[in-house]
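# Breakdown of the fold
Given next are the chains, with one letter for each unit.
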Amino acid sequence: MAKMQAILSRFSEEQMSRYESFRRAGFQKSNMKRLLGSISGTPKISMPMTIVVSGIAKMFVGELVETARIVMTERKESGPIRPCHIREAYRKLKLEGKVPKRSVSRLFR
Amino acid sequence: MNNPAGGQSSKSKAGSSQPSETSFKRKRGVFQKELQHMMYGFGDDQNPLPESVALMEDIVVEYITDLVHKAQDIGSKRGKLSVEDFLYLIRKDFPKLNRCRELLSMNEELKQARKAFETDEEKLRKAFETDEEKMRKAFEADEDKHGSTE
């Protein structure tokens, strides 16, 4: 707690703005509920489930963005993240096993 | 299923979409606004490229879809889809698992706090009504004594 306060007090305006977005940004519960309902085929999606999937998905976005930035650094590129960076980041995450693999057996349901 | 959120028209996605059993037409850019803030928060530019946001949404929806299908595979033995199925899926990803536990306990705390508030509110209301009733009776008794001033 105290460590966090110490770090925050040293933030530049830009860092604080970014941190605020990091903390506040989230998937809208209603949209997530609707999406989960349509994927699962069940109309009732509990609030804890919506919260959990939103949390997991947000962290996944974080992994993609951070990896994309690493890719850009490796390529010595700057500016906003481009789709090619995200695609490369996605490939890397798959190799690291951080992306659920689609099981082929689903075809025989 | 197709309530327009923010007036966006439904379009069926071509190419990267997975063929679904129920003809679900996914709207484009459902998570666009939130994703923009999220990507900035995680390190992108203050104004991420629209095409990057769109690609991110595609990937995230695919990720969630695969997650749900896997959870259903686990949960199907028990029947309904449950939160435990998701927690089991990410059991080896410690940051995600810990975050989920944190979110769930925060949600539980809020629920308890709300319950306590409602119970207190209920008690206050009942006490207020009893007092109100007493005051009304006292006022009427007073009026009878001194007569109405109309």
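Residues numbered from 1 in each chain as written. Chains lettered and ligands numbered in written order. Predicted model: local features only at pLDDT ≥ 70, side-chain atom pairs only at ≥ 80, totals over all residues. Heavy atoms only, no water.

Going by what an unreviewed UniProt entry lists, chain B is known as Transcription initiation factor TFIID subunit 13 and is assigned to Prunus yedoensis var. nudiflora. Under the heading Sequence similarities (unreviewed entry), UniProt records this for chain B: "Belongs to the TAF13 family." According to UniProt, the comment filed for chain B under the heading Subcellular location (unreviewed entry) is "Nucleus". (UniProt positions renumbered as here; feature names shortened; annotations may be inferred.)

As annotated in an unreviewed UniProt entry, chain A carries the name Transcription initiation factor TFIID subunit 11 and comes from Prunus yedoensis var. nudiflora. As stated in UniProt under Function (unreviewed entry), the record for chain A gives "TAFs are components of the transcription factor IID (TFIID) complex that is essential for mediating regulation of RNA polymerase transcription." The UniProt entry for chain A carries the following comment under Sequence similarities (unreviewed entry): "Belongs to the TAF11 family."

### A closer look at the packing of aromatic side chains
Scanning the model with the defined rule gives 5 aromatic pairs over all chains in all. Pairing Phe11(A) with Tyr19(A) gives two aromatic rings, centres 5.8 Å apart and planes at 75°, and the pair type is edge-to-face. On the basis of relative accessibility, which here comes to 18%, the residue Tyr19(A) falls in the buried class. Here the aromatic rings of Phe27(A) and Phe31(B) are separated by 5.0 Å at their centres, their planes lie at 75°, and the arrangement is edge-to-face. Here Phe27(A), found in the loop between α2 (13–24) and α3 (29–40), pairs with Phe31(B), found in the segment before α1 (32–42), and the two come from separate chains. Under the relative-accessibility criterion, Phe27(A) is labelled buried at 6%. Members of the aromatic cluster, each reached through a chain of ring pairs, are Phe11(A), Tyr19(A), Phe22(A) and Phe42(B). If you follow Lys58(A) out to its NZ or CZ, it ends over the ring of Phe22(A), 5.4 Å from the centre. For Arg91(B), the ring lying beneath its charged end belongs to Tyr88(B), and the centroid distance is 4.0 Å. (Phe/Tyr/Trp six-rings, centres within 6.5 Å; stacked < 30°, edge-to-face > 60°. Buried < 20%, exposed > 50% of the residue type's maximum accessible area, 1.4 Å probe, protein only. Helix = DSSP H or I, 4+ residues; strand = E, 2+ residues; numbered from the N terminus. Lys NZ or Arg CZ within 6 Å of the ring centre and 35° of its normal.)

### Overview of the packing of helix α4 (residues 47–74) of chain A against helix α5 (residues 83–95) of chain A
Residue and element names in this part refer to chain A. α5 packs onto α4 with a crossing angle of 110° between their chain directions and a minimal axis gap of 8 Å. Here α4 lies roughly perpendicular to α5, going by the angle between them. Every pair of crossing elements has a handedness; the one defined by α4 and α5 is right-handed. Facing Phe60, Glu63, Leu64, Thr67, Ala68, Val71, Met72 and Glu74 of α4, the residues of α5 in contact are His85, Ile86, Glu88, Ala89, Tyr90, Lys92 and Leu93. Looking at side-chain class alone, the contact of α4 with α5 contains 9 nonpolar, 2 polar and 4 charged residues. (Axes fitted to C-alpha atoms, helices over the stretch in contact; angles between N-to-C directions. Parallel < 35°, antiparallel > 145°, perpendicular 65-115°, else oblique. Left-handed = near helix turned anticlockwise from the far one by under 90°. Contact = heavy atoms within 4.5 Å. Nonpolar A, V, L, I, M, F, W, Y, C, P; charged D, E, K, R; others polar.)

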